[in-house]
Amino acid sequence: MTVALHYAARSDVGLVRSNNQDSAYAGPHLLVVADGMGGHAGGDVASSVAVAHLAPLDDEAHGPDDALDELGRALGDAHAELLARAEENPELAGLGTTVTALLRAGNKLAMAHIGDSRAYLLRDGELTQVTSDHSFVQHLVNTGKITAEEAEHHPHRSVLLRVLGDFDMEILPDVSVREARAGDRWLLCSDGLSGVVSRDTIAETLTGFQDVGACADQLVQLALRGGAPDNVTVVVSDVVDVDDLPDGAAPPTGPQVVGSAATDRHRPTRGGTGAAARAAEHAASTRPPSEPLDEDEPPPRRVLRRVLWALAVVVVLGGLVLGGRWGWLWTQDQYYVGVSDGYVAIFQGIDQTIGPLELSHVVQASDLRITDLPQFMQDRVNETVQMSSLAEAELWVADREREAAVP
């Protein structure tokens, strides 16, 4: 069986922002959504740079074994360019972008993901969120501090812990290889869609439209009807069996580029036919000259992303930013067991490094070498073991010391 991709990419500036900082690319072998952030034009640059480095991968030269390496190299090159651009132009300081990318290699799909743009898979009528947001709030969900329902309305839900940007830090995207199964429908989107349109509505729309272009258009319209406080970008793609296609129904062969990476990126795409869209268009056209639309004026959901787009910034700004002090105090109420200089140790904080800042430190070292543990326990400690308190961590380490002392 030979599979191919039917795809459609759409992007809209939304009803609040004045410029589109999202970029997307959809081609026969590559799907990408990048959600930029930063100062004036910074987000435009960041997402466009990411797409520019990934776009050359859209060919048939990749095997399943090297597709992930190719994605990783492209993201690394994009990261290096963003660092260089920010160094050369101080106005671009703080620019960054999310990236969610799928690269087809035969009947496999290699995925790389960093940030809070998302990939969803509709298979046999069931919708699954394939990616996990690299956000502070998602970390709270993962550690049981809040529920997924509470996360949807959390005031810090746009604070990102991992992005592609001008921080001189290691790029750690989530990577995986998945089957490209005929009949699957993939959705890649920025949080301008997922933050406004419910999961159930997304599932109904992906199921209810056979044509990928019509489906993508409807998803954008739904976000606009919901107020679209952010740029909205979607890529919808069907995995099809080429042998089963009717005559004259060949998959598309040319790429679709939308958002800030497109050649017409300076054209506002504030769209939609609903009342909210018409009201936004009227407000833009009647804004007095004394009140120019500020290119850097973010919608409410982006204030924290712009100011606190990494938890390190929350720490640095401390009491200057609402919620920053709480976030820092919360991290210092966390403990885990890990490895320090080859020995088992207890850490306070969370196992994250953002730029030059370590968000955890050793509070208690032990005399237990990691190599004295069984292999399965070494693997577990190397991945860190979360603890609810310092006392629990001390008991856990003491148990491991006793076990290691038994001949």
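What counts and how
The residue numbering used here restarts from 1 in each chain and proceeds along that chain's sequence as written. Since the coordinates come from a predicted model, pLDDT governs what is reported: local features require at least 70, and pairs of side-chain atoms require 80 or more to be given and counted, while whole-chain, interface and lining totals use all residues. As a rule here, side-chain values cover all heavy atoms of the structure and leave hydrogens and water aside. Runs of H or I in DSSP of at least four residues are treated as helices and runs of E of at least two as strands, each being numbered from the N terminus. Partly exposed residues are those whose accessible area sits between 20% and 50% of the maximum for their type, while under 20% is buried and over 50% is exposed, using a 1.4 Å probe and protein chains only. Note on contacts: a residue pair qualifies if any of its non-hydrogen atoms lie within 4.5 Å across the two residues. The method behind every accessible area is Shrake-Rupley, applied with a 1.4 Å probe, and residues are considered shielded solely by the protein chains displayed. Structural elements are reduced to axes, namely lines fitted to C-alpha atoms, with helices fitted over the stretch in contact, and the angle between N-to-C directions of any two is expressed from 0 to 180 degrees. Orientation is classified from the angle alone, with under 35 degrees giving roughly parallel, over 145 giving roughly antiparallel, 65 to 115 giving roughly perpendicular, and any other angle giving oblique. Crossings are sorted by hand: turned counterclockwise from the far helix by less than a right angle, the near helix makes the crossing left-handed, and turned clockwise it makes it right-handed. Residue-level confidence of the predictor is what pLDDT reports, using numbers from 0 through 100. Pairs of N or O atoms within 3.5 Å make up the polar contacts considered here, provided that, within protein, one atom can donate a hydrogen while the other can accept it, and that residues adjacent in sequence are counted only when both atoms are side-chain atoms. In a helix, the anticipated span is given by 1.5 Å times the number of residues less one. It is the directions from the helix axis to the C-beta atoms whose arc is reported. The criterion for strand pairing is that DSSP finds at least two bridges linking the strands in question. The term salt bridge refers to a pairing of a side-chain nitrogen on Lys or Arg with a carboxyl oxygen on Asp or Glu at a separation within 4 Å. Throughout, nonpolar core names a set of buried Ala, Val, Leu, Ile, Met, Phe, Trp, Tyr and Cys residues whose side chains join them through atoms within 4.5 Å. Basically, the charged four are Asp, Glu, Lys and Arg, the nonpolar ten are Ala, Val, Leu, Ile, Met, Phe, Trp, Tyr, Cys and Pro, and anything else, Gly included, counts as polar.

**Q** Looking at this structure, I do not really get the overall build of the chain. What am I missing?
**A** The secondary structure content of the chain amounts to 13 helices and 17 strands. In the chain, which comprises 407 residues, the share counted as buried stands at 52%. Considering only intrachain contacts with a sequence separation of at least 6, the fraction spanning at least 24 residues in the chain is 71%. Within the structure as shown, the chain displays about 18,600 Å² of accessible surface, and the carbon and sulfur contribution to it stands at 51%.

**Q** How do you make sense of the packing of helix α6 (residues 199-208) against helix α7 (residues 212-225) when you look at a structure like this?
**A** Between two packed helices, the angle of one axis relative to the other and the distance separating the axes together describe the packing. Here α6 crosses α7 at 155 degrees, and the two axes come no closer than 9 Å. Considering their axes alone, α6 and α7 lie roughly antiparallel with respect to each other. Regarding α6 and α7, the two cross each other, and that crossing is right-handed. Residue-level inspection shows Thr 201, Ile 202, Thr 205 and Leu 206 of α6 in contact with α7, the latter providing Cys 215, Gln 218, Leu 219 and Leu 222.

**Q** Explain the confidence of the model for the chain here, please?
**A** Regions with low pLDDT should not have their predicted coordinates read in detail. Of all residues in the chain, 78% have pLDDT values of 70 or greater, and the mean over the chain is 81. Low pLDDT, under 50, characterises residues 265-326; the stretch is placed with 117 contacts to residues that sit more than four places away or in other chains.

**Q** Can you walk me through the environment of Arg 118 in this structure?
**A** Within the secondary structure layout, Arg 118 lies in strand β7 (residues 118-123). Here Arg 118 falls in the buried class, since its relative accessible area comes to 17%. Discounting chain neighbours no more than four positions away, the residues touching Arg 118 are Thr 100, Gln 129, Thr 131, Asp 133, Leu 187, Leu 188, Cys 189 and Ser 194. Here Tyr 120 takes part through its side chain, which lies 2.9 Å from a polar atom of the side chain of Arg 118.

**Q** Explanation requested: helix α13 (residues 390-405) in the structure shown.
**A** For an α-helix the count is 3.6 residues per turn, leaving residues at separations of three or four pointing the same way. Compared with an ideal rise of 1.5 Å per residue, which puts 16 residues at 22 Å, α13 spans 23 Å between its outermost C-alpha atoms and is within 8% of the ideal. Of the positions making up α13, those classed as buried are Ala 393, Trp 396, Val 397 and Arg 400. Projected onto a plane normal to the axis of α13, the buried residues spread over an arc of 95 degrees and lie on a single side. More than 90 degrees from the buried face of α13, the exposed residues found are Leu 395, Arg 402 and Ala 405.

**Q** Help me out: how do you make sense of the pairing of strand β1 (residues 3-12) in this one?
**A** Across a regular strand the side chains alternate sides, sitting on one face of the sheet and then on the other. For β1, the tally of buried residues reaches nine of 10 residues, placing the bulk of the element in the interior. With 10 bridges connecting them, β1 and strand β12 (residues 232-241) associate as antiparallel partners. Across the sheet, residue Arg 10 finds its bridge partner in β12, namely Val 234.

**Q** Would you mind showing me how to read the pattern of salt bridges here?
**A** Side chains that differ in charge, positive against negative, can pair when their charged atoms come close. Taken as a whole, this structure holds 10 salt bridges when the rule is applied. For Arg 123, the salt bridge identified is with Asp 184, shortest N-O distance 2.6 Å. Separated by 61 residues along the polypeptide, Arg 123 in strand β7 and Asp 184 in the loop between β10 (174-179) and β11 (185-189) bring together distant segments of the chain. Residue Arg 181 pairs with Glu 179 through a salt bridge whose shortest N-O separation is 3.4 Å.

**Q** Teacher, can you tell me more about the nonpolar core here?
**A** The tendency in soluble globular proteins is for nonpolar side chains to be buried as a group. Judged by nonpolar contacts, the single largest core of 29 residues is most densely connected at Val 32, Leu 54, Leu 71, Leu 95, Val 99 and Leu 164. Listed by contribution, the elements that provide at least two residues to this core are β3 (30-37), α1 (42-54), α2 (64-88), β5 (99-105) and β6 (108-114). Those residues within four positions of Val 99 in sequence are excluded, and the remaining contacts are Val 32, Val 33, Ala 34, Ala 50, Leu 54, Leu 75, Ala 112, His 113, Ile 114 and Leu 164. Val 197, Ile 202, Leu 222 and Ala 228 belong to the second-largest nonpolar core, a separate cluster that totals 24 residues.

**Q** What is the right way to look at the packing of α1 against α2 in this model?
**A** Interhelical geometry of α1 versus α2 gives an angle of 145 degrees and a closest axis separation of 9 Å. Crossing hand, α1 versus α2: right-handed. Here Val 45, Ala 46, Val 49, Ala 50, His 53 and Leu 54 of α1 lie close against α2, whose contacting residues are Leu 71, Ala 74, Leu 75, Asp 77, Ala 78, Glu 81, Leu 82 and Arg 85. Of the residues belonging to the contact of α1 with α2, the class tally is 10 nonpolar, one polar and three charged.

**Q** Mind showing me how you'd approach the sheet that holds strand β8 (residues 126-129) here?
**A** The strand order across the open sheet built from five strands is β1-β12-β11-β7-β8, with neighbouring strands paired in antiparallel fashion. If you trace the sheet from one side to the other, it starts and ends with β1 and β8, each paired once. Between one strand axis and the next, the sheet turns by 20 degrees as a mean value, whatever way the strands run. Where β11 and β12 come together, five bridges link them in antiparallel fashion. The residue of β12 that forms the bridge with Leu 187 is Val 236. Packed onto the sheet, α6 meets β7, β8, β11 and β12 and runs at close to 125 degrees relative to β8.

**Q** Explain the environment of Glu 383 here, please?
**A** Within the fold, Glu 383 resides in the loop between α12 (375-382) and β17 (385-387). On a C-alpha basis, the gap between Glu 383 and Val 337 in space is 9.1 Å, while along the polypeptide they are 46 residues apart.

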